[in-house]
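# Examining the three-dimensional arrangement
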Amino acid sequence: MTDSADSPSFRLAYVPGVTPAKWARTWHERLPDVPLTLIQVTPAEAPEALREGNADAAFVRLPVDRTAFSAIPLYTETTVVVVPKDHVITAADEVTLDDLADEVVIHPLDDVLGWEKLPGEPAFERPETTADAIELVAANIGVLVVPQSLARLHHRRDLTYRTLVDAPQSSVALSWPEDATTDLVEDFIGIVRGRTVNSTRGRGQQPPAEPKAERAKPRTGAAPRKAGSGGAARGRAGGAKGGSRRGTGGKPGKPRRRS
């Protein structure tokens, strides 16, 4: 495994549309001695990369095989329709599936939305990748429905997109083999979940325990004070001091006889 005592390292796979840069920066800050390698994979390649041990964890699109992998859902993306900039759909900020009824909707083989029924008219053929589908949209062959991150990833000046309010959505998760939850995987889970360095659930330095409050103890040999005894004690103490002064000449007495 990559989490070895001799030369620990961590390999993180991610599918197109996911940007792992912010988590990678936090990793380098917290574990500067453990190299982090980023590996881009297709959605179809991600499970195999985890099974074969080519990656310790991966940012994937749900669903995943829960019998083999653990997963922490992170966020759900907005779905958009990509169209040429002069398309009639651009007149609205948001559109619905009904607005695509007369459109040729391109359905690439690497689609991640899991349609039960594709809207609009089917294209003559299915392109292999989303990148290929983008080229067809630019050629005015049809429109393309994708998660917003993929529309941004394949941005072109001659294309734009609009939110599709009632379309299926894609959720992104952090996933890893269920039987390979290593210490480094736990470290990365903590980073993704926003735990601090001193989080009690992380492996990092633990915060110092708060000191327990100690009850004041009476001084050794001191008798407990009784209610109302303070004034009498002070009075006796004052009287004793007064007597001492009188015994030493504080009170006028007979004049001394001269010898």
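To continue, consider helix α5 (residues 183-192). α5 sits mainly inside the fold: 8 of its 10 residues count as buried. Where α5 is buried, its residues contact β1 (10-14), α1 (21-30), β3 (57-61), β4 (69-76) and β11 (171-177). Just downstream of α5 lies G194, where phi reads positive at about 80°.

Time to look at the pattern of salt bridges. Using the criterion set out here, one finds 5 salt bridges in the structure. R51 is the salt-bridge partner of D65, the closest N and O atoms lying 3.9 Å from each other. On the criterion of sequence distance, the pair formed by D65 in the loop between β3 and β4 and R51 in helix α2 (residues 46-51) is long-range, its members being 14 residues apart. Note on D65: relative accessible area 33%, which makes it partly exposed. With a closest N to O distance of 2.9 Å, D158 and R156 form a salt bridge. Each of E48, R51 and D65 takes part in a single network of salt bridges with overlapping partners.

A few words on α1. All buried positions along α1 are accounted for by W23, A24 and W27. One face of α1 carries all of its buried residues, which in axial projection span an arc of 100°. Exposed side of α1, more than 90 degrees from the buried face: R25 and E29 are the residues found there. Along its buried surface, α1 packs onto β1, β2 (36-40), β3 and α5.

Once that is clear, we can look at the sheet that holds strand β9 (residues 143-147). The 6 strands lie next to each other as β6-β10-β5-β9-β7-β8, forming an open sheet whose pairing is mixed. Edge positions in the open sheet fall to β6 (94-95) and β8 (121-122), since each of these has one partner strand only. Judged from the 4 bridges that link them, strand β5 (residues 79-84) and β9 form a sheet pairing that is antiparallel. Bridge pairing links V80 to V146 in β9. Relative to the sheet, helix α3 (residues 130-138) contacts β5, β7 (104-106), β9 and β10 (159-164), its axis offset from that of β9 by approximately 140°.

Pairing geometry for β1 and β2, over 5 bridges, is parallel. Residue Y14 lies in a different strand from β2, and its bridge partner there is Q40.

Turning next to the packing of aromatic side chains. In this structure the tally under the stated criterion is 5 aromatic pairs. Counting every residue linked through ring pairs, the aromatic cluster contains F10, W23, W27, F59 and F188.

This part takes up the packing of α1 against α5. Two numbers describe how α1 lies on α5: the axes approach to 10 Å, and their chain directions differ by 125°. Viewed along their axes, α1 and α5 adopt a mutual orientation that is oblique. Our pair here, α1 against α5, has a crossing hand that is right-handed. On α5, the residues that touch W23, T26, W27 and R30 of α1 are L184, D187, F188, I191 and V192. For the contact of α1 with α5, the class distribution of residues is 6 nonpolar, 1 polar and 2 charged.

On to the nonpolar core, then. Counting residues in hydrophobic clusters, the biggest one holds 32 residues, and the most contacted among them are F10, L12, W27, F59, L174, W176 and F188. Elements with a minimum of two residues in this core: β1, α1, α2, β3, β4, β11 and α5. F59 has contacts with L12, A13, Y14, V15, V18, P20, W23, L74, A173, L174, F188 and V192, leaving out every residue within four places of it along the chain.

In this section: the confidence of the model for the protein chain. Here the protein chain averages 83 in pLDDT, and 74% of its residues register 70 or above. Per-residue pLDDT stays below 50 along residues 204-214; that stretch engages in 6 contacts with residues further than four places along the chain or on separate chains. Considering only residues more than four positions removed or in separate chains, one finds that residues 227-251, a stretch of pLDDT under 50, has 3 contacts.

Reading guide: rules and limits
- Residues numbered from 1 in each chain as written.
- Predicted model: local features only at pLDDT ≥ 70, side-chain atom pairs only at ≥ 80, totals over all residues.
- Heavy atoms only, no water.
- Buried < 20%, exposed > 50% of the residue type's maximum accessible area, 1.4 Å probe, protein only.
- Helix = DSSP H or I, 4+ residues; strand = E, 2+ residues; numbered from the N terminus.
- Contact = heavy atoms within 4.5 Å.
- Salt bridge = Lys/Arg side-chain N within 4 Å of Asp/Glu carboxyl O.
- Arc of directions from axis to C-beta.
- Pairing = 2+ DSSP bridges.
- Axes fitted to C-alpha atoms, helices over the stretch in contact; angles between N-to-C directions.
- Phe/Tyr/Trp six-rings, centres within 6.5 Å; stacked < 30°, edge-to-face > 60°.
- Parallel < 35°, antiparallel > 145°, perpendicular 65-115°, else oblique.
- Left-handed = near helix turned anticlockwise from the far one by under 90°.
- Nonpolar A, V, L, I, M, F, W, Y, C, P; charged D, E, K, R; others polar.
- Core = buried A, V, L, I, M, F, W, Y, C linked by side-chain atoms within 4.5 Å.
- pLDDT = per-residue confidence, 0-100.

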